[in-house]
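An overview of the molecular structure
Take a look at the letters that make up each chain.
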Amino acid sequence: MTTKHPTSSILSASGARALLGSSILARLPLAMFSIALLVNAQHLTGSFAVAGAVSGAYAIAAAAAAPLLGRLVDRCGQTAVLVAGATVTAVMLVATGLAPASTPPAVLVALAAAAGMATPPLSACVRTLLPGMVTDPSRLPALFAFESTVLEVTFVLGPPLALGVGAIWSTGAALASAGIVMFAATLAFAAQPASRAWRPDPDAPRRRGGSLRSPAILTLALTEIATGAVFGATEVGVTAAAKALGSTAAAGPLLGLWGLGSLFGGIAATRLGGGARRSGGVILLLTTLAVAHGALMFATGSVLAIAAVILLAGATIAPTAASLYAMVDRFAPAGTHTEAFSWVETAGLTGAALGAAVAGPLVQSAGPTAAFAFGGAAGAVAVLIAVLGAHRLDDAPPDVVCAAPSHAA
């Protein structure tokens, strides 16, 4: 297999460059919202408790609403949902950015929650369109690996960009400008022919339970909760370890190396064909992810040791994510592809929140090593879920195998 084959297949498809480019630009602000809401609320109120409530309200609302918005896309198409969601989200964020210091905390929480509930399901929409970009289904894993790799850029650049704009300009301006960029880029994405032409499958049965009626999708969602817990615990552990070593400022660069490692891992996965296609390969990737992140408990003695291990741990993320998303496309019941991707993404966000919530008290009582140990244990749970559901990930029901999004002529 040549190293250029998967990437060139994506970029040679008609409209692929504009579609992927606009989607990445639209998703860059999404990686900024949580931290931008946090620092802006703290600046306005002087309270980290209020700031945490504001940021948490956004995250919880976004996670809860994503599957509902995904189901709406599966029934109404992408254009209306994306445009309406981007409009509401941008208005809420601009209003928050312009809010004076006298704004009651409850209003800030409500604005953040409204923004989260309306946040357009861009990643789910993009991944729903990927199968239409190739004629050979065997190339899909490489496409998902490529998309996951490029998406890592937003996680590497988003938070520093939000903090940088806030420092140079103002925290409110950072939040408002992020909302405006998201709005404009989402409109550009929604205007792409592939997005506008995508139509729900009119013949798809509408059964109770939606995409979660598929045992495979349920298995993948549960796996994502566990892997999300790994990431949430790692974030807390790295921050605590840097502080314990007297290098609090090193936390940011260390987390950046984590994202950089994922970027490198995604590039490698793309060149090698996209990752795992069967349950055995997914189990191997999850095992590697669990071991690599759990190994951080042995690296808390120095910043350099953490840097080396977290770079390697990061390299397991994109290949694993790409493999899981390729399986979501394969097993989503007909007419529920966007909803299925949204459920898996929500599961990951929920797991990250749970991981951070558990790791915080562990760090307080036993130090950063305990947070990393918990992360490794959560990774082991992900492996166990995949092992128990292996048969579901290898045998798709007859009505799912051929399911694919329909496109207007």
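The model shown is predicted, which means the values in this text are computed figures rather than measured ones. (Residues numbered from 1 in each chain as written. Predicted model: local features only at pLDDT ≥ 70, side-chain atom pairs only at ≥ 80, totals over all residues. Heavy atoms only, no water.)

Some details on the overall build of the chain
In plain terms, the rule: Numbering goes from the N terminus for both helices and strands, where a helix is a DSSP run of H or I of at least four residues and a strand is a run of E of at least two. For every residue, the accessible area obtained with a 1.4 Å probe (protein chains only) is divided by the maximum for its type, and the residue is called buried under 20%, exposed over 50%, and partly exposed between those limits. Per-residue and other accessible areas follow the Shrake-Rupley method at a 1.4 Å probe size, with only the shown protein chains counted as cover for residues.
If you tally the helices and strands in the chain, you get 19 helices and 2 strands. Relative to its full complement of 409 residues, the chain shows a buried share of 53%. Summed over its atoms, the accessible surface of the chain is roughly 16,500 Å², and 72% of this surface lies on carbon and sulfur atoms.

Considering the environment of A233
Which entries qualify depends on this criterion: We call two residues in contact whenever any of their non-hydrogen atoms come within 4.5 Å of each other.
If you trace the backbone, A233 turns up in helix 11 (residues 215-244). Counting along the chain gives 119 residues from A233 to A352, while the straight-line C-alpha distance between them is 7.3 Å. Once you skip the residues sitting within four places of it in the chain, A233 turns out to touch G355, A356, A359, A371, F374 and G375.

Looking at a nonpolar patch on the surface
Here is the rule we go by: Patches here: salt-bridge-free residues with over 30% relative accessible area, like charges joined within 9 Å, nonpolar side chains (Val, Leu, Ile, Met, Phe, Trp, Tyr) joined within 5 Å. Counted as salt bridges are all cases of a side-chain nitrogen of Lys or Arg within 4 Å of a carboxyl oxygen of Asp or Glu.
Together, L218, L222, I225 and L354 make up an exposed nonpolar region whose accessible area comes to about 310 Å². In terms of residues, the nonpolar patch owes the most to one element, helix 11, which gives 3 residues. Mapped onto the elements of the fold, L354 is located in helix 16 (residues 337-366).

Examining the nonpolar core
Quick reminder of the rule: Only buried residues count toward a nonpolar core. Its members are Ala, Val, Leu, Ile, Met, Phe, Trp, Tyr and Cys residues joined through side-chain atoms within 4.5 Å.
Residues F144, F189, I217, L220 and V328 are the most contacted members of the largest nonpolar core, which totals 51 residues. In terms of residue count, helix 15 (residues 317-331) provides more of this core than any other element does, 8 residues in total. Beyond its immediate chain neighbours, meaning those up to four positions away, L220 contacts L324, M327, V328, V344 and L393. Core analysis: the next-biggest nonpolar cluster, separate from the first, contains 23 residues, A51, M92, L111 and A162 among them.

Digging into the side chain of E147
Here is the rule we go by: Each polar contact in these results corresponds to two N or O atoms within 3.5 Å; when the atoms are within protein, one needs to be able to donate a hydrogen and the other to accept it, and residues that are neighboring in sequence are counted only if both atoms are side-chain atoms.
Position of E147 relative to the elements: it lies in helix 8 (residues 140-168). Here E147 falls in the buried class, since its relative accessible area comes to 2%. Within the local environment of E147, its side chain forms a polar contact with the side chain of R27, the two groups lying 2.6 Å apart. Residues within four places of E147 in sequence aside, it is in contact with R27, V126, R127 and L130.

Side note on helix 14 (residues 303-314)
In an α-helix, one turn spans 3.6 residues; hence positions three or four apart end up facing the same way. Basically, it comes down to this: Multiplying 1.5 Å by the helix residue count minus one yields the expected span of that helix.
Between the first and last C-alpha of helix 14 there are 16 Å, a value that for 12 residues agrees with the 16 Å anticipated at 1.5 Å per step. Inspection of helix 14 places I306, A307, V309, I310, A313 and G314 among the buried residues, and these make up the whole buried set. Tucked into the core, helix 14 has its buried residues touching helix 11, helix 12 (251-271), helix 13 (279-294) and helix 15.

Considering the confidence of the model for the chain
Defined as follows: What pLDDT expresses is the predictor's confidence in each residue, scored from 0 to 100.
Summing up the model confidence of the chain, the mean pLDDT is 85 and the portion of residues at 70 or higher is 89%. Predicted confidence is poor over residues 1-6, with pLDDT under 50, and the contacts of this stretch with residues over four places away or in other chains come to 9 contacts. Within the model, the stretch residues 400-409 combines pLDDT values under 50 with 25 contacts to residues more than four positions away or in other chains.

Quick look at helix 8
Spelled out, the test is: Across the chain, bend at a residue is computed as the angle between axes fitted to the seven residues ending at that point and the seven starting from it.
Taking 1.5 Å of rise per residue, 29 residues should cover 42 Å, and helix 8 covers 42 Å from first to last C-alpha, within 8% of that figure. In the structure, helix 8 departs most strongly from a straight axis at L157, where the bend amounts to approximately 35° and where the proline P159 lies between one and four residues downstream.

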